[in-house]
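Structural overview
Listed below are the residues making up each chain.
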Amino acid sequence: MTRRSRFSPREHASSLIVTALSSAFGVTLLLAIDALATSLRADDVTGSSETVSYLLAVIAWVFISIAVYVGAVVTANTFATIIAGRTRTIALLRLIGSSAATQRRQVAREGLVVGVIGSVLGGALGMGITAGLVGIAVFTGVLPDIAYSYLDPTILLPMLAVALSTWLASWIGSRRVLTVSPMAATGAAQELTIEQARSRRGRNGTAITLFVAGIGILLAGVGIGLVTPLGVLVGIVGGLLSFTGLVLGAHLVMPPVLMLVGRAFGGSAPSRLAVENALRYPERSSRTTIGLVIGVTLVTMFGVALESYKHMLISAVQDDPVYYAGIEQSFNTTIAVFTVITGFSALIAAVGMVNNLSLSVLQRTRELGLLRALGFTAHQVRSMILAESAQLTVASVLIGLVLGTFYGWAGAQSILGSMNGIGTLVPPSIPLPLFLVLIGAAAALTIGASLAPSRRATRVSPVAALAFD
Amino acid sequence: MTTPPPASGLVARVEGLTKQYGSTGNRVTALDDVSLGIRTGEFTAIMGPSGSGKSTLMHIMAGMDSATSGSAWLGETEITHLGDTELTLLRRRRVGFVFQSFNLVPTLDIEGNILLPFELDGRRPSAEERAWIDQLISSLGLGDRLRHRPHELSGGQQQRVAIVRALATRPDLVFADEPTGNLDSRTSREVLALLATAAHEYGQSIAMVTHDPIAASYADRILFLADGRLVSDLPRSSASDISRFMLEMEAAQ
């Protein structure tokens, strides 16, 4: 009974969306590549279509893995937040004799349900989207009019991966169930225990080591790239290591950046409280923002790398206006395609951020009631939540832009450093339109994420909020 | 429609105040045509059993809830017709609060909590206000706690911080809602003595909602509510007299 009654669609809406998006993304990508391969096979002049479709599939799986990973981070975070809000209910059940392990298994079962429903919905959505896209492509003559299959069995793989990763994420996110004491039900501990960024030496040490070593290897790759384009292979290893270190150590990096960004909003009471709120649960803020950081970093990295490559090529063929126009055109298309594909992870992370802000406001009802009683106007409550939202978004996008520019530059440099003779240093080229789009999206996300929670927060009546003791 | 001017010597009063919850059919009357006044500079206790309407009365008088009918004045201001923003400003500038629990903003340190009403107004305390706040802080022994977070303080200390915050703006009226409900008896006595001192030495008007006879015995005047009506208005009384009165009231029903 409790299992069913506690499954609230509202609580799980965001996890469902994230799961469906990841699954739709995986299915669409695989089917689209399948369609592309089919059309290549039908018109195989060079006999290289097998190699090309193999390469495309490898690339697709890299991006699917990234999306599934970001989705899992977001879902784990969402579940942790949901558990925090359920502390008293869980404590009550513990008080009357339910074991912590049973409680946790129930939460994980909810995760499995969300994962299965989400991935099936997403799979169907993905098939629909691909059919639509291929239809348009055939109609406009981009693809030949032949029979395409939308029921390839390989699409079960991303769906399965998404369902399992959601299950796993809900298990990881429900860790805190084990720490809920039955005492919390007696009302003595109404406030959530502050989940501080505990000093986990092992994890911190690994994170820092990975990051430092990764940057070292990456720079070595750039150095080798001055002699041979093979430097990029060394660079990729360094990039992966350093980024993994960053994700592992997000709880060390994000809080100070959030604080710096928060300072920029001035010292009024709403903005000062906003800074404190974003930093209240450093673990939670880090998990919320790291997904967005990953997304923005990827988008920026491909953008900067391709833009730098484009500039190199353009300076090489400057005297030939025909080539020039061709390069400009094809590169801009490539940048756009990569932005859409990599931007998907950012979109998934954005859904998580919106949800996290909503839940954190929901869980602060009493505090908002106190503030309203003490004289916080509805307007001040709104600006506080907007500032919280802006802080999370601005910090993530800033870090993502800086990291992405660095990684993109390192990639372009290690491939191209040896191109025009030996040892050319290429400055990073910034794809301005892409940056503007990212900044615009960040602004939209800031406002979008704060709308629902602000509405809910200003509806809090001080009486209702302070009434239950 | 006559709205009589506020009687002199009263910091707040209500006239024919009625509050009903729910829709027709299962209507609950929390306050039934209540008229009373809180005197300036006095420590008034509002007593009554659970469900007597004492908390509802406080919420309406403090501008946190709306009335079904009747009027409420804070000083010269009729507050039952004010909009949300005006009520918010009224609470910020003219009313102080001490609640039973959850009085302090957990993310702000003690000084931040005390200065919050000023910050909400976008201003710093004047030199005179600052001196007053410093005096309160030192007389309540909170001087070495200013940089602490609320959860690092004991319940009694947190309640003292809430009292400093409530007194800091020198509001017209401080509302205390079961301020000792979560405290042990020794700490309760300290907090009550503190409220009494604020009224007697600084002339601070205080209205305290409580169901505890010992708490009410610290007040200058005790108003009794039962079933949404004002049933008695006693001067300062001992805890045992108050207890006896409450038992008789119970027996009379």
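Every chain is numbered on its own, with residues counted from 1 as its sequence reads. Key to labels: chains lettered from A, ligands numbered from 1, both in the order written. Per-residue local features are limited, in this predicted model, to residues with pLDDT of at least 70; the limit for side-chain atom pairs, both in listing and counting, is 80 or more; totals at the level of whole chains, interfaces and linings are taken over all residues.

**Some thoughts on the overall build of chain B**
So the rule is basically this: Where helices and strands are cited, they refer to DSSP runs of H or I of at least four residues and of E of at least two residues respectively, numbered from the N terminus. We call a residue exposed when 12 or fewer other C-beta atoms sit within 10 Å of its C-beta, buried when the count reaches 20 or more, and partly exposed for counts in between; the C-beta positions come from the backbone. C-beta atoms are placed from the backbone for every residue, and two residues are taken to be in contact when these atoms lie within 7 Å.
The helix and strand inventory of chain B stands at eight helices and ten strands. Counting only C-alpha atoms and orienting by the principal axes, one finds that chain B spans roughly 50 × 40 × 35 Å. Across the 253 residues of chain B, 46% fall into the buried class. A fraction of 69% describes how many contacts in chain B between residues 6 or more apart in sequence connect residues 24 or more apart.

**Re the UniProt feature "domain: ABC transporter" (unreviewed entry) in chain B**
Short version of the rule: UniProt positions are given in the numbering used here, feature names are shortened, and annotations may be inferred rather than shown by experiment.
According to UniProt, the feature "domain: ABC transporter" (unreviewed entry) maps to residues 12–252 of chain B in the numbering used here. In the segment residues 12–252 of chain B, helix accounts for 39% and strand for 26%; the C-alpha atoms at its two ends are 30 Å apart.

**Concerning the interface of chain A and chain B**
Under the convention used in this document: Gly is placed with the polar residues, together with every amino acid not listed as nonpolar (Ala, Val, Leu, Ile, Met, Phe, Trp, Tyr, Cys and Pro) or charged (Asp, Glu, Lys and Arg).
Listed by partner, the interface residues are 22 residues for chain A and 23 residues for chain B. Listing elements by their share of the side of chain A that touches chain B, those giving two or more residues are α10 (269–280), α13 (365–374), α14 (378–416) and α16 (462–467) of chain A. By residue number, the principal contributor to the side of chain A that touches chain B is α13(A), which donates six residues. Class assignment for the residues of the side of chain A that touches chain B results in eleven nonpolar, five polar and six charged.

**Points about the pairing of strand β10 (residues 229–235) of chain B**
Successive residues of a regular strand alternate their side chains across the two faces of the sheet. All names here are of chain B. Inclusion rule: Any two strands are treated as partners once DSSP identifies two or more bridges connecting them.
With six bridges joining them, strand β9 (residues 221–226) and β10 adopt antiparallel strand pairing. Considered in β10, the bridge of L223 is made with D233. Between β9 and β10, which follow one another and run antiparallel, lie two residues, and D227 among them has a positive phi close to 50°.

**Quick look at the sheet that holds strand β2 (residues 28–39) of chain B**
All names here are of chain B. Put simply, the rule is: To obtain each axis, a line is fitted to C-alpha atoms, and for helices this fit is confined to the stretch in contact; angles are then taken between N-to-C directions over 0 to 180 degrees.
Across the sheet, which stays open at both edges, the four strands sit in the order β2-β1-β4-β5 with antiparallel pairing between neighbours. Looking at which strands have only one partner, the edges of the open sheet turn out to be β2 and β5 (77–78). In terms of strand pairing, strand β1 (residues 10–21) meets strand β4 (residues 69–74) through five bridges, oriented antiparallel. Looking across to β4, one finds that A12 is bridged to L74. Contacting β1, β2 and β4, helix α1 (residues 54–61) crosses the sheet at an angle of about 120° to β1.

**A few points about helix α4 (residues 87–95) of chain A**
An α-helix turns once per 3.6 residues; consequently, residues spaced three or four apart project the same way. Residues and elements named next belong to chain A. For clarity, the cut-off: Note that the arc is defined by the directions from the helix axis to the C-beta atoms.
Residues of α4 that are buried include every one of T87, I90, L93 and R94, and no others. Buried residues along α4 cover an arc of 130° about the axis, so they all sit on one side. Backbone geometry just downstream of α4 places G97 in the positive-phi region, at approximately 115°.

**Points about the packing of helix α2 (residues 9–42) of chain A against helix α5 (residues 100–139) of chain A**
Pairs of packed helices are described in terms of their axes, by the angle between the two and the distance that separates them. All names here are of chain A. Put simply, the rule reads: Our angle categories are set so that under 35 degrees counts as roughly parallel, over 145 as roughly antiparallel, 65 to 115 as roughly perpendicular, and the remainder as oblique. What makes a crossing left-handed is the near helix being turned counterclockwise from the far one by less than a right angle; a clockwise turn instead makes it right-handed.
Across the interface, α2 lies against α5 with an axial gap of 6 Å and an inter-helix angle of 40°. The angle between the axes of α2 and α5 places the two elements in the oblique class. Here the hand of the crossing between α2 and α5 comes out right-handed. Here the contact of α2 with α5 is composed, by residue class, of 16 nonpolar, 13 polar and one charged.

**Side note on the UniProt feature "domain: ABC3 transporter permease C-terminal" (unreviewed entry) in chain A**
Mapped onto the present numbering, the UniProt feature "domain: ABC3 transporter permease C-terminal" (unreviewed entry) falls at residues 62–182 and 340–462 of chain A. Between the C-alpha atoms that bound residues 62–182 of chain A there is a distance of 44 Å. The span itself is 75% helix and 0% strand.

**Quick look at unusual backbone geometry**
All names here are of chain B. Phi at R170 is positive, roughly 45°, even though this residue is not glycine. Counting through the fold element by element, R170 comes out in the loop between α5 (155–168) and β7 (173–177). With a phi close to 50°, D227 is a non-glycine residue in the positive phi region. Along the chain, the position of D227 falls in the loop between β9 and β10. Residue D227 is classed as partly exposed on the basis of its C-beta count, with 15 C-beta atoms lying within 10 Å.

**Examining the nonpolar core**
Here is the rule we go by: Here a nonpolar core is just a set of buried residues of the types Ala, Val, Leu, Ile, Met, Phe, Trp, Tyr and Cys, joined wherever their C-beta atoms sit within 7 Å.
In this structure, B:I46, B:L195 and B:M208 are the most contacted members of the largest nonpolar core, which totals 194 residues. Looking at this core, the element that brings in the most residues is α14(A), giving 19 residues. Apart from residues lying up to four places away in sequence, B:L195 is in contact with B:F43, B:A176, B:I206, B:M208 and B:Y218.

**Here's the deal with helix α15 (residues 432–458) of chain A**
All names here are of chain A. Threshold: Given a helix with a known number of residues, its expected span is that number minus one, times 1.5 Å. Here the bend at a residue is taken as the angle between two axes, fitted respectively to the seven residues that end there and the seven that start there.
With 27 residues, α15 ought to run about 39 Å at 1.5 Å a step, and its terminal C-alpha atoms sit 38 Å apart, in line with that. The sharpest bend along α15 measures roughly 35° and falls at L451, with the proline P453 sitting one to four residues further on. Regarding α15, the residues found buried are L434, L438, A442, L445, T446, A449, S450, P453, S454 and A457.

**Description of the confidence of the model for chain B**
Applied cut-off: For every residue, the pLDDT score states the predictor's confidence, bounded by 0 at the bottom and 100 at the top.
On average, chain B scores 89 in pLDDT, and the residues at 70 or more come to 97%. Across the interfaces of the predicted complex, the ipTM metric reaches 0.82, alongside a pTM of 0.80.

**What to know about the confidence of the model for chain A**
Residue and element names in this part refer to chain A. Here chain A averages 83 in pLDDT, and 91% of its residues register 70 or above. The secondary structure element of chain A with the lowest average pLDDT is helix α1 (residues 2–6), at 46, and the one with the highest is helix α6 (residues 156–173), at 92. Under a pLDDT of 50 for its full length, residues 1–5 has, in the predicted model, three contacts with residues more than four places off or in other chains. When the criterion is pLDDT under 50, residues 188–197 qualifies, and its contacts beyond four places in sequence or with other chains add up to 16 contacts.

**Remarks on the sheet that holds β9(B)**
Residue and element names in this part refer to chain B. Read across the sheet, six strands follow the order β6-β7-β8-β3-β9-β10 without closing on themselves; strand pairing throughout is mixed. Whereas interior strands pair on both sides, the edge strands pair on one side only; in this sheet they are β6 (95–98) and β10. Shown here is a sheet whose adjacent strand axes are inclined to one another by a mean of 20°, direction ignored. Contacting β6 and β7, α5 runs over the sheet at an angle of about 175° to β6.

**Some points on the environment of A:H379**
Mapped onto the secondary structure, A:H379 falls in helix α14. A residue is classified by how many C-beta atoms lie within 10 Å of it, and A:H379, with 13 of them, is partly exposed.

**A closer look at the environment of A:A131**
With respect to the secondary-structure elements, A:A131 resides in helix α5. For the pair formed by A:A131 and A:L386, sequence separation is 255 residues and the distance between their alpha carbons is 39 Å.

**Some remarks on the domain arrangement of chain A**
All names here are of chain A. Let me state the cut-off plainly: For each domain, the first and last residues come from an automatic or database assignment.
Along its sequence, chain A is organised into domain 1 (1–180) and domain 2 (249–469). One C-alpha centre belongs to domain 1, the other to domain 2; they are set 23 Å apart. Across the boundary between the two partners, domain 1 contributes 20 residues, which contact 22 residues of domain 2. Secondary structure elements with two or more residues in the side of domain 1 that touches domain 2: α2 and α3 (49–85). Looking at the side of domain 1 that touches domain 2 residue by residue, the class counts come to 13 nonpolar, seven polar and no charged.

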